[in-house]
Amino acid sequence: MSHPDSTNIDSPGRADAAARPGEGTEQDEEPVNATTSPVGPLLMGVAMLAFGALMLTQTFKISGDGLEPDGPRFLPFIVASLWVVLALTYLGQQIRRFIERTGSLPAERFTHMLGATALVALLVVYAYALDSLGYVIATSLFFAGAARAMGSRQPTRDLVAAVALSLLVYLSFTRALGVHLPEGVLGL
């Protein structure tokens, strides 16, 4: 005969689970969606790796020699290299998940795939437009476009904020720090 407040020694934790309904049960876990495709994360990993390779090639087009710590190529090279390493890590994880195809590692849904793709496209366009349009115009358009791609539906506010941020960064770098950013058509 057992006391009503005592727990069963053979099943530790059962009294705790009974006291907190819904915790620790298998019904609480999200079911694995069989229709989720692992191809989306693989494609995103490939796109991230391609963007990293583009950044690395553009780094070596910066005027200057070598990769000295005080040279103009050093920091972009570090950032681009870290991007490539992270992209390779992400792609490796996705390839492993694709090969294993276990229920414990479901592929994530890409519900924001259109926005992410738009941001990558905007970054590529921004990289090519920076020299010809100049920092302020190209960055303002990029910020406004990025806000739109991420779901903002207030273009006037986005454009005002983008121009203000671009001018603030441009003036801070050129006037206060002495770093020359592309002037473009404005000739600031």
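- Naming follows an unreviewed UniProt entry, where the protein chain appears as DUF1468 domain-containing protein of Dactylosporangium sucinum.

**Here's the deal with the overall build of the protein chain**
Then, in step 1: The secondary structure content of the protein chain amounts to six helices and zero strands.
Then, in step 2: Seen in sequence order, the protein chain has helices and strands lined up from the N terminus as α-α-α-α-α-α.
Then, in step 3: Here the analysis covers contacts within the protein chain between residues at least 6 apart in sequence; of these, 58% occur between residues at least 24 apart.
Then, in step 4: Surface exposure of the protein chain reaches about 13400 Å², of which carbon and sulfur atoms provide 65%.

**With respect to the UniProt feature "transmembrane region" (unreviewed entry) in the protein chain**
Then, in step 1: Residues annotated by UniProt as "transmembrane region" (unreviewed entry) correspond here to residues 42–62, 74–92, 113–129, 135–151 and 158–178.
Then, in step 2: The distance separating the terminal C-alpha atoms of residues 42–62 is 31 Å; by composition the span is 86% helix and 0% strand.
Then, in step 3: Structurally, residues 135–151 is divided into 88% helix and 0% strand, and its ends, taken at the C-alpha atoms, are 24 Å apart.

**Things to note about the packing of helix 2 (residues 39–59) against helix 4 (residues 113–133)**
Then, in step 1: At a minimum axis distance of 12 Å, the contact between helix 2 and helix 4 shows a crossing angle of 10 degrees. What the angle tells us is that helix 2 and helix 4 run roughly parallel. Between helix 2 and helix 4, the residues in contact are Gly40, Met44, Phe51, Leu54 and Gln58 and Met113, Ala116, Leu123, Val124 and Tyr128, respectively.
Then, in step 2: Tallied by class, residues from the contact of helix 2 with helix 4 come to eight nonpolar, two polar and no charged.

**So, the packing of aromatic side chains**
Note on aromatic pairs: each is described by the distance of the centres and the angle between the planes.
Then, in step 1: Scanning the entire structure with this criterion turns up five aromatic pairs.
Then, in step 2: Taking 5.4 Å as the distance between ring centres and 70 degrees as the angle between the ring planes, the aromatic pair formed by Phe51 and Trp83 counts as edge-to-face. Of this pair, Phe51 sits in helix 2 while Trp83 sits in helix 3 (residues 74–100); the two residues are 32 residues apart in sequence, bridging distant segments of the chain.
Then, in step 3: The class for Phe51 is buried, based on a relative accessible area of 13%.

**A few points about the packing of helix 4 against helix 5 (residues 135–149)**
Then, in step 1: Packing of helix 4 against helix 5 brings their axes to within 9 Å, and their N-to-C directions diverge by 170 degrees. Accordingly, the angle class assigned to the pair helix 4 and helix 5 is roughly antiparallel. Note on element contacts: helix 5 touches helix 4 through Tyr135, Ile137, Ala138, Thr139, Leu141, Phe142, Gly145, Ala146 and Ala149, opposite Gly115, Ala118, Leu119, Leu122, Leu123, Tyr126, Ala129, Leu130 and Leu133.
Then, in step 2: Classifying every residue of the contact of helix 4 with helix 5 gives 15 nonpolar, three polar and no charged.

**A closer look at the environment of Thr59**
Then, in step 1: As for its position among the elements, Thr59 is in helix 2.
Then, in step 2: As for Thr59 and Val79, which are separated by 20 residues in sequence, their C-alpha atoms are 9.8 Å apart.
Then, in step 3: If sequence neighbours within four positions are ignored, Thr59 has contacts with Arg73, Pro76, Phe77 and Ala80.

**Description of the environment of Leu56**
Then, in step 1: Mapped onto the secondary structure, Leu56 falls in helix 2.
Then, in step 2: For the pair Leu56 and Val79, spaced 23 residues apart in the sequence, the C-alpha separation amounts to 9.0 Å.
Then, in step 3: Residue contacts for Leu56: discarding those within four places in its chain leaves Phe77, Ala80, Ser81 and Val84.

**Describing helix 6 (residues 155–177)**
Then, in step 1: Taking 1.5 Å of rise per residue, 23 residues should cover 33 Å, and helix 6 covers 31 Å from first to last C-alpha, within 8% of that figure.
Then, in step 2: Residues of helix 6 that are buried include every one of Asp158, Ala162, Ser166, Tyr170 and Thr174, and no others.
Then, in step 3: On its buried face, helix 6 is in contact with helix 5.
Then, in step 4: Directly beyond the C-terminal end of helix 6, a positive phi value near 75 degrees is found at Gly178.

**Quick look at helix 5**
Then, in step 1: Taking 1.5 Å per residue as the helical rise, helix 5 with its 15 residues ought to reach 21 Å, and the 20 Å between its terminal C-alpha atoms agrees with that figure.
Then, in step 2: Considered for burial, the residues of helix 5 that qualify are Tyr135, Val136, Ala138, Thr139, Ser140, Phe142, Ala144, Ala146 and Ala147.
Then, in step 3: Summarising the contacts, the buried residues of helix 5 are in contact with helix 4 and helix 6.
Then, in step 4: Two residues or fewer after helix 5 comes Gly151, characterised by a positive phi angle close to 115 degrees.

Cut-off values and rules
Residues numbered from 1 in each chain as written. Predicted model: local features only at pLDDT ≥ 70, side-chain atom pairs only at ≥ 80, totals over all residues. Heavy atoms only, no water. Helix = DSSP H or I, 4+ residues; strand = E, 2+ residues; numbered from the N terminus. Contact = heavy atoms within 4.5 Å. Areas by Shrake-Rupley, 256 points an atom, 1.4 Å probe, with all protein chains shown as cover. UniProt positions renumbered as here; feature names shortened; annotations may be inferred. Axes fitted to C-alpha atoms, helices over the stretch in contact; angles between N-to-C directions. Parallel < 35°, antiparallel > 145°, perpendicular 65-115°, else oblique. Nonpolar A, V, L, I, M, F, W, Y, C, P; charged D, E, K, R; others polar. Phe/Tyr/Trp six-rings, centres within 6.5 Å; stacked < 30°, edge-to-face > 60°. Buried < 20%, exposed > 50% of the residue type's maximum accessible area, 1.4 Å probe, protein only. Expected span 1.5 Å × (residues − 1).

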